[in-house]
Amino acid sequence: MTRLDRALQQFLEETGRLKEPVLGGPAQRRISAGEVEKLHTKLTALAQRSRRLSTLLVLLYVILFVVLLVAAVHYREEPTKLNTALGVIGASVAGLLRGIRDVWRQQSALDVLVAIIPNLPPEEVARVAESLFFSTPKEQRKH
Amino acid sequence: MISQEIVRPSDCTLAVCLPTSRERFMKARADVENRDFVLHHCATWEKYNHYVMSHLSIVLPELIRMGVCVQLDVTHCDFSRLLSSARSRVIILFAHYVEGAAEFADGLHSDEAVTLAVPCEFDGLLDLCVCHPKLLVQRLRDERPRCLVKFTNRPARTSFWIHLYRVLFAILEGEAIAPGQRPTGGVPYLLALERAVAAMLPSRQSQEGLLE
């Protein structure tokens, strides 16, 4: 579960929107502007953190690329060592790319949420949070 | 008498009044005047899909395989027709209930309208799978004394009830519900319901108010 999912889950829990609906009884309670403000503050902090993380990942990617070039030049006469070095660095690059993709996805969602939340009525914010949270596949959510 | 009658799954109809597709859900949500469930209890398709549709899509095909007549997106007219056709001895109304009205696929209908949909000569069982329908039950018992009404006095979670019906129909079909248990043959609906509840909620305390 990503930090964004956790933030949305906490918001939905606190506002009673995470509970399974029942076939009757009173309607869900209204969400206050204060609760929305709290979510907005949290998401803004997460967006900043996510931005820093993506910068760090890109920096790591560049470093790995430089290491790859150095290894290619250094081991140009030793194909076995060169293959090993390329294998290790290649696997690291693949892992890093996956990380960058996940951070980028979360970053995009956070940027959109941070931008739209102040312009939406509280009930609409809850709908957006529900849609995002419940559209995550179950096996990734595990709550 | 229906309370003692042996009932088979093919004698039962499950009338699902909740939306059963994204299109129906969106249509219901647009009808702000005459709706409650998708407006005030479950306003997004993603949540609805998670809590309701994912369970219905597992259980309904099984119920159909067992021979239950499953009717989807049941309107008030459909409900009335189902009761008048006398095809089923047991009708399960799987719907949302908000004080004084039940929500069908075509919107909210008052207790009076629901009662009028039940023919005076209907002597089967009406299983109301809705939350706290005490006023409706009172009216039905007063005005349709031949009909046996079962209801729950507890909040009805869709996932719990739909799975409970799966167990219930397995019992009615004569299947064992647990390893080592012998097939039951045929049983009356209310007895099967009690057994299904006991299988799903082993503690007595958790069963309180569930069946009335």
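Everything discussed here concerns the structure shown above.
Quick notes on the rules
Residues numbered from 1 in each chain as written. Chains lettered and ligands numbered in written order. Predicted model: local features only at pLDDT ≥ 70, side-chain atom pairs only at ≥ 80, totals over all residues. Heavy atoms only, no water. Patch = residues over 30% accessible without salt bridge, like charges linked within 9 Å, V, L, I, M, F, W, Y side chains within 5 Å. Areas by Shrake-Rupley, 256 points an atom, 1.4 Å probe, with all protein chains shown as cover. Salt bridge = Lys/Arg side-chain N within 4 Å of Asp/Glu carboxyl O. Lys, Arg positive; Asp, Glu negative; His and termini not counted. Charge placed at Lys NZ, Arg CZ, Asp CG, Glu CD. Helix = DSSP H or I, 4+ residues; strand = E, 2+ residues; numbered from the N terminus. Core = buried A, V, L, I, M, F, W, Y, C linked by side-chain atoms within 4.5 Å. Buried < 20%, exposed > 50% of the residue type's maximum accessible area, 1.4 Å probe, protein only. Contact = heavy atoms within 4.5 Å. Pairing = 2+ DSSP bridges. Axes fitted to C-alpha atoms, helices over the stretch in contact; angles between N-to-C directions.

(A) How the structure looks around a positive patch on the surface. A grouping of Arg3, Arg6, Arg49 and Arg52 of chain A is seen on the molecular surface, where their side chains present a positively charged patch. Sorting the residues of the positive patch by element identifies helix H1 (3–14) and helix H2 (33–74) of chain A as the ones contributing at least two each.

(B) Expanded view of the nonpolar core. All names here are of chain B. Core analysis: the biggest nonpolar cluster contains 70 residues, and Phe94, Phe169 and Tyr189 have the highest contact counts within it. At 11 residues, helix H7 (residues 158–172) tops the list of elements feeding residues into this core. With near-sequence residues (within four places) excluded, Phe169 lies in contact with Pro9, Cys12, Leu63, Met66, Val68 and Ile92.

(C) Region of interest: the sheet that holds strand S8 (residues 125–131) of chain B. Residues and elements named next belong to chain B. Spatially, five strands are ordered S3-S2-S4-S8-S9 in an open sheet, and the strand pairing comes out parallel. Lying at the two open borders of the sheet, with one neighbouring strand each, are strand S3 (69–71) and strand S9 (148–152). Within the sheet, the average angular offset between the axes of one strand and its neighbour, ignoring direction, is 15°. Summarising the sheet, S8 and S9 pair through five bridges and their orientation is parallel. Of the residues in S9, the one forming a bridge with Leu125 is Leu148. Contacting strand S2 (12–16), S3, strand S4 (90–94) and S8, helix H4 (residues 76–85) runs over the sheet at an angle of about 165° to S4.

(D) Main features of the pairing of strand S7 (residues 107–110) of chain B. Residues and elements named next belong to chain B. Here strand S6 (residues 101–104) runs beside S7; their pairing, made up of four bridges, is antiparallel. Considered in S7, the bridge of Ala102 is made with His109. Counting the residues between successive antiparallel strands, the hairpin from S6 to S7 contains two residues.

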